[in-house]
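Breakdown of the fold
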Amino acid sequence: MPKEIRGIVVGSRNAAVGFPRAIEILRGGGSALEAAIAAVKAVEDDLCDQGVGTGGIPNILGEVELDASVMDGRTLAAGAVGALKHYPHPIEVARRIMECTPHVMLVGEGAELFARTHGFQPANLLTPEAEAIWRAVIHGERRTEHNVYEDRYQLYMSVVQRWRELLHRELFGTTNVIVRDLAGNIACAVSTSGWGFKWPGRLGDSPIIGAGNYADNRYGAAACTGRGEMAIRCATAHSVVMYLRFGFTLEDALRQAMLDLRALDDPYAEADTVMNIVAMDRDGNVSAASTSPEATYVVQTIDMETYEERPRLHVPLRE
Ligand code: GLY
């Protein structure tokens, strides 16, 4: 019999910065939802992280657009926000959408209006470092006498054509946090600035419940980082939880959800770093998988002084 674990936090490598706060909340008897959101907020505030929150690499227009979602495994309540500009904590906005509206997801201007109406404070999300990277890529890509903004679509497509050359952390940075609290409840929170140089309004898997985030106390939870378009097409986070529901072990559920991606015909899917999943079963056991042989994830229980970094199960995208 696998043992049951309460008071545990698991996440993508970059989520470690938020673990001290999440563990403190759990030790104080706080909920999984509270702890997961607090951990993700810390990543959103981490200016060194150029894939999440403030400091994220902007879209093709040079604007930072943020996506986030949260799911409460007790009730399957969920909240999500997409293409949100000017507000540094999309995970809090997602939570407020979950708690205060009859909706699951708000995007763009409507999401901004919602954030403003609910008293969230706007901020400049574009750091000088992120702007410098954006300028280097944009100006390096298209040497022309004309203003580089003249034909944004062509510029976007030229950036997309050579996306494999760009740093993956710039392209795919996202954070995942799954928590099981002392009461045995599970929550999952995800936040990202999405694909660097993305087309304005592009949403990946992070704000899509079932694609980048799914949590159900009865079976477990999963969350993704990587090429969101693939996780959307395979409903990857939900697949892991569904496989758990059908009796797969945690590792087999992860492996099967990764193998499902092989059916996709995706010309952008050659890179090692294309998909990563972290997961937890209903008893609080954790694992993670990646198409990269070197990827890791982080885990901490309330009994541990600090987090532990562990290797992910390697499931290559191609046979
Ligand atoms: N997985 C994050 C994204 O595709 O935006």
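What you see is a predicted model; the values in this text were computed from it and never measured. (Residues numbered from 1 in each chain as written. Predicted model: local features only at pLDDT ≥ 70, side-chain atom pairs only at ≥ 80, totals over all residues. Heavy atoms only, no water.)

Considering the pattern of salt bridges
Applying the stated criterion to the full structure yields 17 salt bridges. With a closest N to O distance of 2.9 Å, Arg-95 and Glu-99 form a salt bridge. Placement of the pair is Arg-95 and Glu-99 together in helix α3 (residues 90-100), with a separation of four residues, close to one helical turn. With a relative accessible area of 14%, Arg-95 lands in the buried category. Residue class for Glu-99 comes out partly exposed when judged on its relative accessible area of 45%. One continuous salt-bridge network, built from bridges that share partners, spans Arg-202, Arg-227, Glu-229, Arg-233 and Asp-266. (Salt bridge = Lys/Arg side-chain N within 4 Å of Asp/Glu carboxyl O. Helix = DSSP H or I, 4+ residues; strand = E, 2+ residues; numbered from the N terminus. Buried < 20%, exposed > 50% of the residue type's maximum accessible area, 1.4 Å probe, protein only.)

Concerning the site of the ligand
Residues in close proximity to the ligand include Thr-174, Gly-194, Arg-202, Gly-204, Asp-205, Ser-206, Gly-226 and Gly-228, which together make up its full environment. A distance of 2.7 Å is found between an oxygen atom of the ligand and a side-chain nitrogen or oxygen belonging to Arg-202. Here a nitrogen atom of the ligand and a side-chain polar atom of Asp-205 are 2.6 Å apart. The fraction of the free accessible surface of the ligand (200 Å²) that becomes covered by protein chains is 100%. (Near = heavy atom within 4 Å. Polar contact = N/O pair within 3.5 Å; in protein donor to acceptor, adjacent residues only side chain to side chain. Areas by Shrake-Rupley, 256 points an atom, 1.4 Å probe, with all protein chains shown as cover.)

Some points on the sheet that holds strand β13 (residues 313-314)
The five strands lie next to each other as β7-β8-β9-β10-β13, forming an open sheet whose pairing is mixed. Each edge of the sheet is formed by a strand with only one pairing partner; in this case those strands are β7 (213-216) and β13. In the sheet, strand β10 (residues 286-290) pairs with β13 via two bridges, with the strands oriented parallel. Within β13, the position partnered with Ala-289 by the bridge is Leu-313. (Pairing = 2+ DSSP bridges.)

Things to note about the side chain of Ser-239
Tracing the backbone through its elements, the reader meets Ser-239 in helix α9 (residues 236-245). What makes Ser-239 buried here is its relative accessible area of 8%. There is a polar contact of 3.1 Å between the side chain of Ser-239 and the backbone oxygen of Cys-234. If near-sequence neighbours (up to four positions away) are discounted, Ser-239 is found in contact with Cys-234, Ala-257 and Asp-260. (Contact = heavy atoms within 4.5 Å.)

Re the sheet that holds strand β4 (residues 105-107)
Sheet architecture is open: eight strands sit in the order β4-β3-β2-β6-β5-β1-β11-β12, paired in mixed fashion. Only two strands of the sheet have a single neighbouring strand rather than two, namely β4 and β12 (308-311). In this sheet, neighbouring strand axes are inclined to one another by 15° on average, regardless of whether the strands run parallel or antiparallel. Relative to strand β5 (residues 174-180), strand β1 (residues 8-12) is paired through four bridges, and the arrangement is antiparallel. Looking across to β5, one finds that Ile-8 is bridged to Arg-180. Its contacts with the sheet place helix α1 (residues 19-27) against β1, β5 and β11 (296-301), and it is angled at close to 160° to β1. (Axes fitted to C-alpha atoms, helices over the stretch in contact; angles between N-to-C directions.)

Some thoughts on α9
Among the ten residues in α9, seven count as buried, and that is most of the element. Gly-247 sits one or two positions beyond α9 and adopts a positive phi of about 95°.

Some points on the confidence of the model for the protein
Per-residue confidence for the protein averages 91 on the pLDDT scale, and 90% of its residues sit at or above 70. Here residues 142-150 scores under 50 on pLDDT; set against residues more than four positions off or in separate chains, the count is nine contacts. (pLDDT = per-residue confidence, 0-100.)

Quick look at the packing of aromatic side chains
According to the stated counting rule, one finds two aromatic pairs in the structure shown. Note on Phe-19 and Tyr-307: the rings are 6.5 Å apart at their centroids and 85° apart in plane angle, and the pair reads as edge-to-face. Placement of the pair is Phe-19 in helix α1 and Tyr-307 in the loop between β11 and β12, with a sequence separation of 288 residues. Look at Tyr-307 and you get partly exposed, because its relative accessible area is 29%. Centre to centre, the rings of Tyr-243 and Phe-248 are 5.0 Å apart; their planes meet at 35°, and the pair counts as tilted. (Phe/Tyr/Trp six-rings, centres within 6.5 Å; stacked < 30°, edge-to-face > 60°.)

With respect to the pairing of strand β2 (residues 66-72)
Of all seven residues in β2, seven are buried; the element is thus mostly enclosed. The side-chain alternation of β2 yields two buried faces, one formed by Leu-66, Ala-68, Val-70 and Asp-72 and the other by Asp-67, Ser-69 and Met-71. Pairing analysis gives six bridges linking β2 to strand β3 (residues 77-84), with the strands arranged antiparallel. Bridge pairing links Ser-69 to Ala-80 in β3. Between the end of β2 and the start of β3, which pair antiparallel, lie four residues, with Leu-76 showing a positive phi angle near 65°. Across six bridges, β2 lies against strand β6 (residues 186-192) in antiparallel orientation. By the bridge assignment for β6, Ala-68 is matched with Ser-191.

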